[in-house]
Amino acid sequence: MEKLNFDCETGNYHTFCPISCVSWLYQKIEDSFFLVIGTKTCGYFLQNALGVMIFAEPRYAMAELEEGDISAQLSDYDELKRLCVQIQKDRNPSFIVWIGTCTTEIIKMDLEGMAPQCEAEIGIPIVVARANGLDYAFTQGEDTVLAALAHRCPNTKVCEDEFPLPSLENYVHTVKRPVSATRGSRNEVETCLSEQREVSNSMGLIEQANRNSSETKLKSNSIKSLVLFGSLPSIVSSQLTLELERQGIPVSGWLPSQSYSDLPALGPDVLVCGVNPYLSRTATTLMRRRKCQFVGAPFPIGPDGTRAWITKICSVFGKEPQGLQEREDKIWEGCEDYLQLIRGKSVFFMGDNLLEISLARFLIRCGMQVYEIGIPYMDKRFQAAELNLLEQTCNEMNHPYPRIIEKPDNYNQIQRIRELEPDLVITGMALANPLQARGVQTKWSVEFTFAQIHGFSNVRDILELVTRPIRRKNDLSELGWEKLVY
Ligand code: SF4
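Basis of the calculations
Residues numbered from 1 in each chain as written. Predicted model: local features only at pLDDT ≥ 70, side-chain atom pairs only at ≥ 80, totals over all residues. Pairing = 2+ DSSP bridges. Helix = DSSP H or I, 4+ residues; strand = E, 2+ residues; numbered from the N terminus. UniProt positions renumbered as here; feature names shortened; annotations may be inferred. Buried ≥ 20, exposed ≤ 12 C-beta atoms within 10 Å, placed from the backbone. Contact = placed C-beta atoms within 7 Å. Near = placed C-beta within 6 Å. Nonpolar A, V, L, I, M, F, W, Y, C, P; charged D, E, K, R; others polar. Right-handed = clockwise from strand over helix to strand, strands pointing away. Core = buried A, V, L, I, M, F, W, Y, C linked by C-beta atoms within 7 Å. Axes fitted to C-alpha atoms, helices over the stretch in contact; angles between N-to-C directions. Parallel < 35°, antiparallel > 145°, perpendicular 65-115°, else oblique. Left-handed = near helix turned anticlockwise from the far one by under 90°.

## Points about the sheet that holds strand 8 (residues 270-274)
Part 1 of the reasoning: Judged by pairing direction, the sheet is parallel, and its four strands sit side by side in the order 7-6-8-9 without closing on themselves. The open sheet has two edge strands with one neighbour each: strand 7 (251-255) and strand 9 (293-294).
Part 2 of the reasoning: Across five bridges, strand 6 (residues 225-229) lies against strand 8 in parallel orientation. Note that in strand 8 the partner of V227 across the bridge is V272.

## As for the UniProt feature "binding site: [4Fe-4S] cluster" (unreviewed entry) in the protein chain
Part 1 of the reasoning: In this numbering, the UniProt entry assigns the feature "binding site: [4Fe-4S] cluster" (unreviewed entry) to C17, C42 and C102. These annotated residues cover 86 residues of sequence, and their C-alpha atoms all fall within 9.8 Å of one another, placing them together at a single site.
Part 2 of the reasoning: Examined against the element boundaries, C42 turns out to sit in helix 2 (residues 40-50).
Part 3 of the reasoning: Under the C-beta neighbour-count criterion, C42 is labelled buried, with 24 such atoms within 10 Å.
Part 4 of the reasoning: Apart from residues no more than four positions distant in its own chain, C42 is found in contact with I19, V36, M62 and T101.
Part 5 of the reasoning: Once residues within four sequence positions are removed from consideration, C102 is found in contact with N132, G133 and L134.

## Some points on the environment of T15
Part 1 of the reasoning: Within the fold, T15 resides in the loop between strand 1 (5-8) and helix 1 (22-28).
Part 2 of the reasoning: With 413 residues separating them along the chain, T15 and G428 place their C-alpha atoms 6.9 Å apart.
Part 3 of the reasoning: Residue contacts for T15: discarding those within four places in its chain leaves A137, F138, D352, P376 and G428.

## Some remarks on helix 16 (residues 356-365)
Part 1 of the reasoning: Of all 10 residues that make up helix 16, 10 are buried, and the element is covered over most of its length.
Part 2 of the reasoning: Regarding helix 16, the residues found buried are E356, I357, S358, L359, A360, R361, F362, L363, I364 and R365.
Part 3 of the reasoning: In this structure, the buried residues of helix 16 make contact with helix 13 (302-316), strand 10 (346-349), strand 11 (369-375), helix 17 (384-396), helix 20 (446-450) and helix 21 (459-478).
Part 4 of the reasoning: A positive backbone phi angle near 105° is found at G367, which sits one or two residues after helix 16.

## Observations concerning the site of the ligand
Part 1 of the reasoning: Residues in contact with the ligand, as listed here, are C17, I19, G38, T41, C42, F45, T101, C102, N132 and G133.
Part 2 of the reasoning: The biggest single contributor to the shell around the ligand is helix 2, with three residues.
Part 3 of the reasoning: Along the lines of polarity and charge, the residues of the shell around the ligand split into five nonpolar, five polar and no charged.

## Some points on unusual backbone geometry
Most of the time, phi is negative for any residue but glycine, and the peptide bond is trans.
Part 1 of the reasoning: With an omega of 5°, the peptide bond running from L255 to P256 counts as cis.
Part 2 of the reasoning: Structurally, the position occupied by P256 is in the loop between strand 7 and strand 8.
Part 3 of the reasoning: Of note in this structure, N398 is not a glycine but carries a positive phi near 55°.
Part 4 of the reasoning: Looking at where N398 falls in the secondary structure, it is placed in the loop between helix 17 and strand 12 (403-406).
Part 5 of the reasoning: Overall, the presence of 6 C-beta atoms within 10 Å leaves N398 in the exposed class.

## Re the pairing of strand 7
Part 1 of the reasoning: Examined bridge by bridge, strand 6 and strand 7 share four bridges and lie parallel to one another. Looking at the pairing, F229 lines up with L255 of strand 7.
Part 2 of the reasoning: For the crossover that starts at strand 6, traverses helix 11 (residues 234-246) and ends in the parallel strand 7, the hand is right-handed.

## A short note on helix 7 (residues 140-150)
Part 1 of the reasoning: With respect to burial, helix 7 is a largely interior element, 11 of its 11 residues being buried.
Part 2 of the reasoning: Regarding helix 7, the residues found buried are Q140, G141, E142, D143, T144, V145, L146, A147, A148, L149 and A150.

## A short note on the nonpolar core
Part 1 of the reasoning: Ranked by size, the top nonpolar core spans 118 residues in total, and within it L35, V36, W98, I99, V272 and L363 carry the most contacts.
Part 2 of the reasoning: When neighbours within four sequence positions are excluded, V36 is seen to be in contact with I19, V22, C42, L46, Y60, M62, I99 and T101.

## Here we look at the packing of helix 13 against helix 16
Part 1 of the reasoning: Relative orientation of the contacting elements helix 13 and helix 16 amounts to 115°, with a least axis distance of 8 Å. In terms of orientation, helix 13 and helix 16 fall into the roughly perpendicular class. Contacts between helix 13 and helix 16 involve G302, D304 and G305 from the first element and S358, R361, F362 and R365 from the second.
Part 2 of the reasoning: Class assignment for the residues of the contact of helix 13 with helix 16 results in one nonpolar, three polar and three charged.

## A few points about the packing of helix 7 against helix 12 (residues 280-288)
Part 1 of the reasoning: Close contact between helix 7 and helix 12 brings their axes to 7 Å; oriented N to C, the two are set at 15°. The angle between helix 7 and helix 12 places the two elements in the roughly parallel class. Crossing hand, helix 7 versus helix 12: right-handed. The segment helix 7 lies against helix 12, with D143, T144, L146, A147 and A150 engaging S280, R281, T282, T285 and L286.

Set out below in structure tokens:
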């Protein structure tokens with residue numbers, strides 16, 4: 001059988017900076033405070049990109065590094081502690097996340113070394129996440145924060161018996177405990193430093209988990225609970241929780257939770273499953289550090305993806321899924337008005353937010369022709385189930401396998417767009433306007449990150465986004481304003 005086509009170019013990354021993840025995470029985790037430690041550039045970026053007015057009192061702030069900090073003449077620690085005390089006094093968060101930036105990476109600022117001391121002195125947890133512009137895509141900021149938060153989740157009873165958790169006062173004295181036994185920051189010093197290196201090595205665990213999914217089922221007697229990871233609006237996470245509960249599968253928690261005290265318990269008796277395709281670092285941390293069992297499923301985007309996601313989880317719990325096919329059919333029926341607009345039309349993904357494979361699979365199922373899936377970074381092991389579903393969808397829809405281009409070169413892509421003339425290009429913000437001015441219909445990929453696109457209930461939201469440029473073009477043509485159809 002023909003296999004999916006993978007290619008790799010050497011293009012530059014044209015993506016938002018991952019520190020932008022604070023915009024959705026501070027809203028999701030209601031008792032958090034995000035302190036971004038960077039330069040004026042980072043401050044301007046946050047201010048412009050997130051456009052939050054000062055009177056909206058967002059729960060994030062900048063700790064601005066000056067020249068003196070960069071040349072290591074000033075005491076970073078005193079200033080950071082002063083800011084944290086101020087934040088604690090003004091906003092009283094349950095915990096503070098220090099977000100690293102390019103600058104803290106470049107000057108090798110020892111955030112992980114400073115956090116435990118600050119934490120012990122001010123008395124609230126400080127989580128360090130290195131979400132900086134050196135990542136492939138802006139969505140990976142969420143991955144970094146969730147991986148850091150995974151260390152702070154309590155242990156399940158099984159873990160607790162084996163490795164009791166240290167108290168807050170003992171954080172700084174727990175270096176010699178086994179890594180999986182602690183949830184203190186000193187633990188993070190060791191784990192964060194080795195995490196980047198480990199991602200590539202330990203992805204073998206994900207591969208193995210994918211291979212052994214049937215074995216996971218055999219182990220299900222010892223499995224107590226299911227934890228889902230990925231940040232979704234609360235209403236969407238409740239919908240997915242309900243879908244699983246309808247199948248008789250209780251969800252014991254989400255990472256992230258709405259509050260710090262609700263972080264889910266983790267351990268070897270916990271199954272974990274992701275809802276977003278850019279969370280491979282979190283998956284690795286959950287498996288390697290917290291000893292959870294990973295469920296490799298396609299992502300619940302579109303009715304087809306949601307059905308496959310629930311089916312996979314059901315299979316691991318040894319349950320026969322009930323009524324999913326009927327549910328999916330009904331949703332497709334209810335979207336017929338949108339589907340008529342896009343069936344037979346073509347789409348080209350330039351690559352931006354790592355949601356590309358899932359969206360392309362969904363659009364092929366809608367009847368669109370996908371010419372190319374550009375993606376800044378392809379983790380084939382974490383996305384294995386999604387890639388299988390893409391392949392299966394292509395076969396069932398009689399669609400040729402689209403080219404999947406990792407790290408695409410935008411110059412080459414523009415040549416291909418000229419040749420192929422797709423009806424729609426889904427692209428990052430930087431390229432959308434220039435393409436639109438050259439007569440190409442575009443959609444900002446970032447909109448899919450912020451829209452509610454998961455689960456059975458939100459399919460019309462995805463289709464609303466995809467069809468908007470096409471409807472606009474049709475409307476203008478009907479009015480005879482072709483000239484405005486650039
Ligand atoms: S973290 Fe780096 S890429 Fe992001 S805004 Fe700051 S300087 Fe720019």
